[in-house]
Amino acid sequence: MTTGRLGYNSVNDRYGLLVSDLWVHSGFHCGEGLEAMVDGKWVPTRMEMCWNDDGSHDWYLVGTPYFCDLEYVRARV
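In this report, the structure presented in the accompanying data block is examined.

Criteria and thresholds
- Residues numbered from 1 in each chain as written.
- Predicted model: local features only at pLDDT ≥ 70, side-chain atom pairs only at ≥ 80, totals over all residues.
- Heavy atoms only, no water.
- Pairing = 2+ DSSP bridges.
- Helix = DSSP H or I, 4+ residues; strand = E, 2+ residues; numbered from the N terminus.
- Axes fitted to C-alpha atoms, helices over the stretch in contact; angles between N-to-C directions.
- Salt bridge = Lys/Arg side-chain N within 4 Å of Asp/Glu carboxyl O.
- Buried < 20%, exposed > 50% of the residue type's maximum accessible area, 1.4 Å probe, protein only.
- Phe/Tyr/Trp six-rings, centres within 6.5 Å; stacked < 30°, edge-to-face > 60°.
- Core = buried A, V, L, I, M, F, W, Y, C linked by side-chain atoms within 4.5 Å.
- Contact = heavy atoms within 4.5 Å.

### Topic: the sheet that holds strand 5 (residues 41–51)
- The strand order across the open sheet built from seven strands is 3-2-1-7-4-5-6, with neighbouring strands paired in antiparallel fashion. Two strands in the sheet have a free side with no partner beyond their single neighbour: strand 3 (22–25) and strand 6 (57–61). When strand polarity is set aside, the average angle formed by the axes of neighbouring strands in this sheet is 50°.
- Pairing geometry for strand 4 (residues 33–38) and strand 7 (residues 74–76), over two bridges, is antiparallel. Paired with Glu35 across the bridge in strand 7 is Arg76.

Okay, here's the thing in structure tokens:
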């Protein structure tokens, strides 16, 4: 598994996985699985997006407290 941190990729409007500030996964798609560090434990999750009434969208990790700003969340694939 590759471990890094999530970062927002403005080129494709998605969150991807960075290791030492290099993209190892340039952008997760909705439904794509990964693991996130939650309270010191690796939790299986998947990337999802919800649309807001104003037409904007927010990314979140299912089954975790992470919603909207996923920058620097520890993750692995």
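### Observations concerning the pattern of salt bridges
- Taken as a whole, this structure holds four salt bridges when the rule is applied.
- Arg76 is paired through a salt bridge with Glu35; the nearest N and O atoms lie 2.4 Å apart. One end of the pair, Arg76, is in strand 7; the other, Glu35, is in strand 4, with 41 residues separating them in the sequence.
- Its salt-bridge partner being Glu48, residue Arg46 comes within 2.8 Å of it at the nearest N-O pair.
- For Arg46, a relative accessible area of 38% gives the class partly exposed.
- What makes Glu48 buried here is its relative accessible area of 15%.

### With respect to the packing of aromatic side chains
- Per the counting criterion, the structure on display carries two aromatic pairs.
- Seen from their ring centres, Tyr8 and Tyr15 are 5.5 Å apart, and the 65° between their planes marks the pair as edge-to-face.
- You can call Tyr8 partly exposed: its relative accessible area is 35%.
- The exposure class of Tyr15 is buried, given its relative accessible area of 7%.

### Concerning unusual backbone geometry
- Positive phi outside glycine occurs at Asp21, with the angle close to 65°.
- Secondary-structure assignment places Asp21 in the loop between strand 2 (14–19) and strand 3.

### Details of the nonpolar core
- If you look at the biggest cluster of nonpolar residues, it comprises twelve residues: Leu6, Tyr15, Leu17, Phe28, Leu34, Ala36, Met47, Trp59, Leu61, Leu70, Val73 and Ala75.
- For this core, the elements supplying multiple residues, two or more each, are strand 2, strand 4 and strand 6.
- Excluding residues that lie within four positions of it along the chain, Leu17 makes contacts with Thr2, Gly4, Arg5, Leu6, Leu22, Trp23, Val24, His25, Phe28, Ala75 and Val77.

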